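# Survey of secondary and tertiary structure
One letter stands for each residue in the lines below.
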Amino acid sequence: MNIKSLLLGSAAALVAVSGARAADAIVVAEPEPAEYVRICDVYGAGYFYIPGTETCLKIGGYLRYDIGVGDALGLKSIDKKDAYNFIRGTGNTVDINDTYFKRMRAQLTFDARSETEYGTLRGFIATYYQRDSVEVDIGNDTYSDTASAWALEHAIIQLGGLTIAYTDSLFETLTDSAGSVINDGIGVNYTPGKTHLIAYTFDGGNGFSATIGVEEGSGEEYTLDSYVPHVVAGASFTQGWGKIAGVIGYDANFGEVAGKVRVDFNVNEALSLWVMAGYQDYNAERAWWSDQFDLSGRSSYYGVWGGDWAVWGGGQYRFNEKGSLDVQLAYDDNETFGAAVGVNYALVPGFNIRPEVVYASGYERDINNNKIGGKKDGWGGYLRFQRSF
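Let me begin by describing the structure that accompanies this report.

## What to know about the overall build of the protein
- Each helix and strand counted, the protein has six helices and 20 strands in total.
- Radius of gyration (C-alpha) of the protein: 31 Å, far over the 21 Å computed for a compact globule of 389 residues.
- Considering only C-alpha atoms, the protein reaches an extent of 130 × 70 × 50 Å along its principal axes.
- When burial is assessed residue by residue, the protein has 38% of its 389 residues classed as buried.
- Long-range contacts, defined as pairs at least 24 residues apart, comprise 54% of the intrachain contacts of the protein with a sequence gap of at least 6.
- Accessible surface for the protein amounts to roughly 22300 Å². Of this, 59% is attributable to carbon and sulfur atoms.
- Measuring between centres, the 30 positive side-chain charges of the protein sit 9 Å from its 49 negative side-chain charges.

Spelled out as structure tokens, the structure:
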């Protein structure tokens, strides 16, 4: 056998073995094409299509750290060393100290939207978890502590003009809350808070809209006590110069009515101003009894200020795209006054620093709404750091 024959035989053997192994090989299936997340720009920035659907979803939220000081925004606590010595019998007095209020909050939001034959179908959720500094009552004094809280802030279903939700009362939202300061409820309150509600909004398409809804209320006094709901109705008209809006609320538990009117002015690109007025038939006796039992301290669900009337006003001046000055003043028929002045500065996109100073004053009143003693007042400072995304 020569060399040529040997090489040809070896090659044939190798081909035969390779063919046998190929017959036994596992065939790997082709991978399915990957479905990448698609950007949805129909409803603005940040939305994406949920894979396999035509629903657009936006996930957002913030991390927020607040610090409050002073009579208006800080806390008071017994001196804990004094209290310890008093209990041991080595001290005779226990001082009261001023200390910080602090809050760390983490919020998450989910906003899902899609188009239907009846209009936009939307589902919105906002929830948060926070850790607070708190005052704990011990007789006539308090001591400082910390506590955690979780809350469902908003849960909203909307289809076209229909809204079914747990969220801020229409009595607040139909007149755009109050100002752009952090402590917009300082001195004089403007909102009954959060509630279950069902509402319908008509959009005229020319800047006019009108809303009517029913609400459950909240708290021991104002959560519904029968099948008759609280009723809220409001309307607004928006143009380039600004906006005018009004709202009226009927408290079904006590048969009381309250209303507010608000006007906003866009003076120029930097300056915007607003003023709001509220009116109710104030029931001083009911408000007094409510306050004695540490309830709401008001005379009806929607009449959240003191006396028959209240006024709020303020504005915002935008220095540039990074910073603005916010101001709000408030005064009511019971001679309660509140003021807040703050700066909102975006250090970098998504991170804002907001210092604010507030002042509040008012009188304690008896069951007949007569003043008890002199005016009580206090200052406060607030600082907020917020990372939004």
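## Points about the pattern of salt bridges
- Under the defined criterion, the tally for this structure stands at 15 salt bridges.
- For the salt bridge of Asp71 with Lys76, the shortest nitrogen-to-oxygen distance reads 3.7 Å.
- The network of salt bridges with common partners includes Asp71, Lys76 and Asp98.

## A short note on the environment of Asp294
- One can find Asp294 in the loop between α6 (284–292) and β16 (309–318).
- Classification of Asp294 by relative accessible area gives exposed; the value is 70%.
- Sequence separation between Asp294 and Gln107 is 187 residues, and the spatial gap between their C-alpha atoms is 29 Å.

## Some words on the state of the cysteines
- A complete count under the given rule lists one disulfide for this structure.
- Between the sulfur atoms of Cys40 and its disulfide mate Cys56 the distance is 2.1 Å. Its S-S torsion of approximately 80 degrees makes the covalent link between Cys40 and Cys56 right-handed. Of this pair, Cys40 sits in strand β1 (residues 39–40) while Cys56 is found in strand β3 (residues 56–69), placing the two residues 16 residues apart along the sequence.
- Owing to a relative accessible area of 1%, Cys40 belongs among the buried residues under this scheme.

## Looking at the pairing of strand β17 (residues 323–332)
- Sheet topology places β16 next to β17; nine bridges connect them, and they run antiparallel. In the strand pairing of β17, Gln316 is matched with Asp326.
- Count of turn residues in the β16/β17 antiparallel hairpin: four residues.
- The pairing of β17 with strand β18 (residues 337–348) spans nine bridges and is antiparallel.

## Section: the pairing of strand β10 (residues 194–203)
- Taken together, the seven bridges between strand β9 (residues 162–168) and β10 define a ladder with antiparallel strand orientation. Its bridge partner being in β10, Asp168 is matched across the sheet by Lys194.
- Pairing of β10 with strand β11 (residues 208–215), which is carried by seven bridges, proceeds in the antiparallel orientation. Counted as the bridge partner of Phe202 is Ala210 from β11.
- Where β10 folds back onto β11 in an antiparallel hairpin, the turn is made up of four residues, including Gly205, whose phi is positive at roughly 80 degrees.

What counts, and where the lines are drawn
Residues numbered from 1 in each chain as written. Predicted model: local features only at pLDDT ≥ 70, side-chain atom pairs only at ≥ 80, totals over all residues. Heavy atoms only, no water. Helix = DSSP H or I, 4+ residues; strand = E, 2+ residues; numbered from the N terminus. Rg over C-alpha atoms; globule rule 2.2 N^0.38 Å. Buried < 20%, exposed > 50% of the residue type's maximum accessible area, 1.4 Å probe, protein only. Contact = heavy atoms within 4.5 Å. Areas by Shrake-Rupley, 256 points an atom, 1.4 Å probe, with all protein chains shown as cover. Lys, Arg positive; Asp, Glu negative; His and termini not counted. Charge placed at Lys NZ, Arg CZ, Asp CG, Glu CD. Salt bridge = Lys/Arg side-chain N within 4 Å of Asp/Glu carboxyl O. Disulfide = S-S within 2.5 Å. Pairing = 2+ DSSP bridges.

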